[in-house]
Amino acid sequence: LRYAGAVLEWDQETYLPPRGAEIRARQLATLASEAHALFTEPETGVLLENLDSDTTLSGPQRVNVSRTLEDYRAQCKYPRAFVRELSLATSASYHAWMEARRQNDFRVFAPALSGMVELKRRQAALLGYTEHPYDALVDEYEKGMTVAQLDALFGEVRESLKKILDEIFVQPPPDDSMLHGRFERDKQWELGISLLTAMGFDFSAGRQDISEHPFTTNFNARDVRLTTRIDERNFSDMTWSCIHEGGHGLYEQGLPFD
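Cut-off values and rules
- Residues numbered from 1 in each chain as written.
- Predicted model: local features only at pLDDT ≥ 70, side-chain atom pairs only at ≥ 80, totals over all residues.
- Heavy atoms only, no water.
- Helix = DSSP H or I, 4+ residues; strand = E, 2+ residues; numbered from the N terminus.
- Buried < 20%, exposed > 50% of the residue type's maximum accessible area, 1.4 Å probe, protein only.
- Contact = heavy atoms within 4.5 Å.
- Areas by Shrake-Rupley, 256 points an atom, 1.4 Å probe, with all protein chains shown as cover.
- Lys, Arg positive; Asp, Glu negative; His and termini not counted.
- Charge placed at Lys NZ, Arg CZ, Asp CG, Glu CD.
- Expected span 1.5 Å × (residues − 1).
- Arc of directions from axis to C-beta.
- Salt bridge = Lys/Arg side-chain N within 4 Å of Asp/Glu carboxyl O.
- Phe/Tyr/Trp six-rings, centres within 6.5 Å; stacked < 30°, edge-to-face > 60°.
- Pairing = 2+ DSSP bridges.
- Axes fitted to C-alpha atoms, helices over the stretch in contact; angles between N-to-C directions.
- Patch = residues over 30% accessible without salt bridge, like charges linked within 9 Å, V, L, I, M, F, W, Y side chains within 5 Å.
- Parallel < 35°, antiparallel > 145°, perpendicular 65-115°, else oblique.
- Left-handed = near helix turned anticlockwise from the far one by under 90°.
- Nonpolar A, V, L, I, M, F, W, Y, C, P; charged D, E, K, R; others polar.

J.: Just checking my understanding: could you explain the overall build of the chain for this structure?
T.: Of the regular secondary structure elements, the chain holds nine helices and three strands. From first element to last, N terminus to C terminus, the chain shows the α and β order α-α-α-α-α-α-α-α-β-β-β-α. When the backbone C-alpha atoms are referred to their principal axes, the chain occupies close to 60 × 50 × 40 Å. Across the 258 residues in the chain, those meeting the buried criterion constitute 30%. Taking contacts inside the chain between residues at least 6 apart in sequence as the whole, the part at least 24 apart equals 59%. For the chain, the accessible area works out to roughly 17200 Å², and carbon and sulfur atoms hold 56% of it. For the chain, the distance from the average site of its 28 positive side-chain charges to the average site of its 41 negative ones is 4 Å.

J.: For this particular structure, what's the right way to read helix α3 (residues 59-75)?
T.: Think of an α-helix as 3.6 residues a turn; residues three or four steps apart then line up on the same face. Across its 17 residues, α3 extends 24 Å between first and last C-alpha, which sits within 8% of the 24 Å expected from 1.5 Å per residue. V65, L69 and Y72 are the residues of α3 that are buried. Buried residues of α3 fall within an arc of 60° about the axis and therefore sit on the same side. Of the residues in α3, the exposed ones pointing more than 90 degrees away from the buried face are P60 and N64. For α3, the elements touching its buried residues are α1 (21-39) and α2 (42-52).

J.: When you look at the pattern of salt bridges in this model, what are you seeing that I'm missing?
T.: Side-chain pairing between opposite charges can occur once the charged atoms of the two side chains come close. The full count for this structure, using the stated rule, is 16 salt bridges. Residue E70 pairs with R67 through a salt bridge whose shortest N-O separation is 3.2 Å. You can see E70 and its partner R67 sitting in helix α3, three residues apart, about one turn around the helix. Accessibility expressed as a relative area gives 30% for E70, which makes it partly exposed. Overlapping salt bridges, with partners in common, bring together R67, E70, D139 and K143 in one network.

J.: I'm lost on the packing of aromatic side chains in this one. Help?
T.: Any two aromatic rings considered together are summarised by their centre-to-centre distance and by the angle between their planes. Taken as a whole, this structure holds six aromatic pairs when the rule is applied. Ring centres of F106 and F109 lie 6.4 Å apart, and the angle between their planes is 80°; this geometry places the pair in the edge-to-face category. Pair noted here: F106 and F109 are both in helix α5 (residues 106-127), with a separation of three residues, about one helical turn. Overall, the relative accessible area of 17% leaves F109 in the buried class. Residues F201 and F203 carry aromatic rings whose centres are separated by 5.0 Å and whose planes lie at 80° to one another, so their mutual orientation is edge-to-face. Given the relative accessible area of 29%, F203 is considered partly exposed.

J.: I would appreciate a short explanation of the sheet that holds strand β3 (residues 223-228) in the present structure.
T.: Strand pairing within a sheet occurs via backbone hydrogen bonds; the two strands may be parallel or antiparallel. Overall, mixed pairing links the three strands, which are arranged β1-β3-β2 in an open sheet. In this open sheet, the two edge strands, each paired with only one partner strand, are β1 (206-210) and β2 (216-220). Between one strand axis and the next, the sheet turns by 20° as a mean value, whatever way the strands run. Here β1 pairs with β3 via five bridges, running parallel. What sits directly across from Q208, in β3, is L226. The strands touched by helix α8 (residues 185-199) within the sheet are β1 and β3, with β1 carrying the most contacts at an inclination of about 150°. The strands that helix α9 (residues 236-253) touches are β1, β2 and β3; relative to β3, the one it contacts most, it runs at about 165°.

J.: Teacher, can you tell me more about unusual backbone geometry here?
T.: With the exception of glycine, most residues fall at negative phi, and the peptide bonds are largely trans. Here the phi dihedral of N104 falls at roughly 55°; this positive angle occurs in a residue that is not glycine. Positionally, N104 belongs in the loop between α4 (80-103) and α5.

J.: In this structure, what is going on with a nonpolar patch on the surface? I would like to understand it.
T.: Judged by side-chain polarity, F154, V157, L161, I164, L165, I168 and F169 come together as a nonpolar surface patch covering roughly 700 Å² of accessible area. The topology assignment puts V157 in helix α7 (residues 147-169).

J.: Help me out: how do you make sense of the side chain of S91 in this one?
T.: Residue placement: S91 occurs in helix α4. According to the relative accessible area criterion, S91 is buried, its value standing at 14%. Residues in contact with S91, not counting those within four places in the same chain, are A25 and L28.

J.: Just to check I follow, could you spell out the packing of α2 against α3 for this structure?
T.: When two helices pack together, their arrangement is given by the angle between the helix axes and by the axis-to-axis distance. The contact between α2 and α3 brings their axes to 9 Å, and the two run at 150°. Between α2 and α3, the angle is such that the two are roughly antiparallel. The two elements α2 and α3 meet at a crossing, and its hand is left-handed. Residues P42, T44, G45, L48, E49, L51 and D52 of α2 lie in contact with α3, whose contacting residues are V65, S66, T68, L69, Y72 and R73. Split into classes, the residues belonging to the contact of α2 with α3 amount to six nonpolar, four polar and three charged.

What follows is the structure in structure tokens.
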């Protein structure tokens, strides 16, 4: 399958996506492009500009408006066709990654990865940057952060972390045989729920489900959703996923609701 404009091809002899995957990808792409079109209407910009100069707003409201206005201005730089293309390629990459993981063969995923890297380069160019392309993209996750700052930050901790790793590697490997065997899916699920409960995750304001790749998403602090995966041959996969995603979930549930 080739999506117009994307550097991405699937060899049907190598990879066949699950039934409905292509249709679902098109649905998501349509929703993404429609949402983008609605959000970037000029009327939205006028509303946000007016709110941004409203001195009667509270502190949290001003921050909310300011961040939304920043997002609006960034989204206005994307052509609608690009939004659709990126959505299609993202869906395709996800299914290619799952198949590559199943086959333990990076070559299955390589074309999709190349396509995504090219699209992300185009996205950075659309947003604009001064020094490094990733400066335009990292700002979406950490406002004001740059590659230069990240290099300096990781440079400071690299040596100390290397010393810790060197000390670990000279030790005999631990016996991890207890992690491998046959662990029933339902019992692992129950263990994961108990771990999240012990961590303080509020299931009255969230839930957990199964996915191929664990992730956390939230719609507000009272609707936080986690996912985990279960391998009946190794329960550590589920355990660490629950603990990791549970940490994200606790952060999201701790955000202001009102």
